[in-house]
Amino acid sequence: MAKLLKAAQDHGIKTSIDVVSEASDRFRRLVCPALRYTDYCIINEVEASATTGVELRTEDGTLLKENMPAALKKMKELGVSTWAVIHCPEVGFGLDENDNLVEVPSLKLPKGWIAGTVGAGDAFCSGVLYGAWKGMALKEAIELGTASAACSLSQAGATEGMRPVAEVQKLYAEMR
């Protein structure tokens, strides 16, 4: 993975990673070396904890928000050059290219909104990457990612809830 990302960067291509949550030692073996060649890293709290070693949830599932800055900083220390982002159901956090911390709470979804969770993390990642591509600031990109995830949650399948960008931004404004 690291070789592929390095080759992409050597050709002037911006790189990003998102990973699959699993219980193994692969995060440290594969993700950590890849971060050196990563411009945008957008992962969830389980993946971030496995990668950085920073605990982000207690045994009872409580989010340790106070540990997010340390995990993000570790991601940058491991090589993420531009944006390090961690998302979870409660909130999205990020460190931008100047190491400014961003925190964006999840949207207040109405009762019955969530029809399925498949694809919500991918939708979040896509929204953030779209924001990066369009030159948005990290906060605005995480807001777009948050609203994209909310759109995904509105339908049972992974992509059925997705909408045009203007509608996603409108949803964010209405539900924050």
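Residues numbered from 1 in each chain as written. Predicted model: local features only at pLDDT ≥ 70, side-chain atom pairs only at ≥ 80, totals over all residues. Heavy atoms only, no water.

Q: When you look at the overall build of the protein chain in this model, what are you seeing that I'm missing?
A: Along its length, the protein chain carries 7 helices and 5 strands. Ordered by position from N to C terminus, the α and β elements of the protein chain give α-β-α-β-α-α-β-β-β-α-α-α. Its C-alpha atoms give the protein chain a radius of gyration of 16 Å, near enough to 16 Å, the size a compact globule of 176 residues would have. Dimensions along the principal axes, computed over C-alpha positions, put the protein chain at roughly 40 × 40 × 30 Å. By residue count, 48% of the 176 residues in the protein chain fall in the buried class. The contacts in the protein chain between residues at least 6 apart in sequence include a share of 56% that link residues at least 24 apart. Taken as a whole, the protein chain presents about 9200 Å² of accessible surface, with 54% of it coming from carbon and sulfur. Each charge sign in the protein chain was given a centre, from 19 positive and 23 negative side chains, and these centres are 3 Å apart. (Helix = DSSP H or I, 4+ residues; strand = E, 2+ residues; numbered from the N terminus. Rg over C-alpha atoms; globule rule 2.2 N^0.38 Å. Buried < 20%, exposed > 50% of the residue type's maximum accessible area, 1.4 Å probe, protein only. Contact = heavy atoms within 4.5 Å. Areas by Shrake-Rupley, 256 points an atom, 1.4 Å probe, with all protein chains shown as cover. Lys, Arg positive; Asp, Glu negative; His and termini not counted. Charge placed at Lys NZ, Arg CZ, Asp CG, Glu CD.)

Q: Any chance you could explain the nonpolar core here in plain terms?
A: Across soluble globular proteins, nonpolar side chains show a tendency to be buried alongside one another. Judged by nonpolar contacts, the single largest core of 27 residues is most densely connected at W83, V85, L107, F124, V128, I142 and L171. Contributions of two or more residues to this core are made by β2 (40-44), β3 (83-87), β5 (101-105), α5 (120-133), α6 (138-153) and α7 (165-175). Of all the elements, α6 adds the most residues to this core, at 9 residues. Counting residues in hydrophobic clusters, the runner-up holds 26 residues, among them L63, A84, V91 and L95. (Core = buried A, V, L, I, M, F, W, Y, C linked by side-chain atoms within 4.5 Å.)

Q: Can you help me understand the pairing of β2 in this one?
A: In the case of a regular strand, side chains alternate between the two sheet surfaces. For β2, the tally of buried residues reaches 5 of 5 residues, placing the bulk of the element in the interior. Neither face of β2 is exposed, since Y40, I42 and N44 on one face and C41 and I43 on the opposite face are all buried. Sheet analysis places strand β1 (residues 16-17) next to β2, joined by 2 bridges and oriented parallel. Across the sheet, S16 pairs through a bridge with Y40, a residue of β2. Taken together, β1, helix α2 (residues 26-35) and β2 constitute a β-α-β crossover, and its handedness is right-handed. Here β2 pairs with β3 via 5 bridges, running parallel. Residue pairing in the sheet places Y40 in a bridge with W83 of β3. (Pairing = 2+ DSSP bridges. Right-handed = clockwise from strand over helix to strand, strands pointing away.)

Q: How should the sheet that holds β5 be read in this particular structure?
A: Backbone hydrogen bonds are what pair the strands of a sheet, in a parallel or an antiparallel way. Here we have 5 strands laid out as an open sheet, ordered β1-β2-β3-β4-β5, and mixed in their pairing. Bordering the open sheet on either side are β1 and β5, each of which pairs with just one other strand. Packed onto the sheet, α6 meets β3, β4 (91-95) and β5 and runs at close to 25° relative to β5. (Axes fitted to C-alpha atoms, helices over the stretch in contact; angles between N-to-C directions.)

Q: Hey, could you run me through the packing of aromatic side chains in this one?
A: Aromatic rings in a pair are described by how distant their centres are and how their planes are angled relative to each other. Overall, the coordinates contain 2 aromatic pairs when judged by the stated rule. With 5.3 Å between their ring centres and 80° between their planes, Y40 and W83 make a pair best called edge-to-face. Of this pair, Y40 sits in strand β2 while W83 sits in strand β3; the two residues are 43 residues apart in sequence, bridging distant segments of the chain. Each ring, one from Y130 and one from W133, has its centre 5.7 Å from the other, and the planes form 55°; the classification is tilted. With Y130 and W133 both in helix α5 and 3 residues apart, the pair spans about one turn of that helix. (Phe/Tyr/Trp six-rings, centres within 6.5 Å; stacked < 30°, edge-to-face > 60°.)

Q: Explain unusual backbone geometry to me, please; I cannot follow it from the model alone.
A: Generally, phi is negative for residues other than glycine and the peptide bonds are trans, each holding for most cases. If you check the backbone angles, D99 has positive phi at about 65° while not being a glycine. With respect to the element layout, D99 can be found in the loop between β4 and β5. According to the relative accessible area criterion, D99 is partly exposed, its value standing at 48%.

Q: Explain the packing of α5 against α6 to me, please; I cannot follow it from the model alone.
A: To describe two helices that pack against each other, one gives the angle between their axes and the distance between the axes. Packing of α5 against α6 leaves a shortest axis separation of 7 Å and a crossing angle of 145°. As α5 runs across α6, the sense of the crossing is right-handed. Residue-level inspection shows A120, A123, F124, G127, V128, Y130, G131 and A132 of α5 in contact with α6, the latter providing A141, I142, L144, G145, T146, S148, A149, S152 and L153. Looking at the contact of α5 with α6 residue by residue, the classes come out as 11 nonpolar, 6 polar and no charged. (Left-handed = near helix turned anticlockwise from the far one by under 90°. Nonpolar A, V, L, I, M, F, W, Y, C, P; charged D, E, K, R; others polar.)

Bear in mind that shape data such as this cannot, by itself, settle questions of function.
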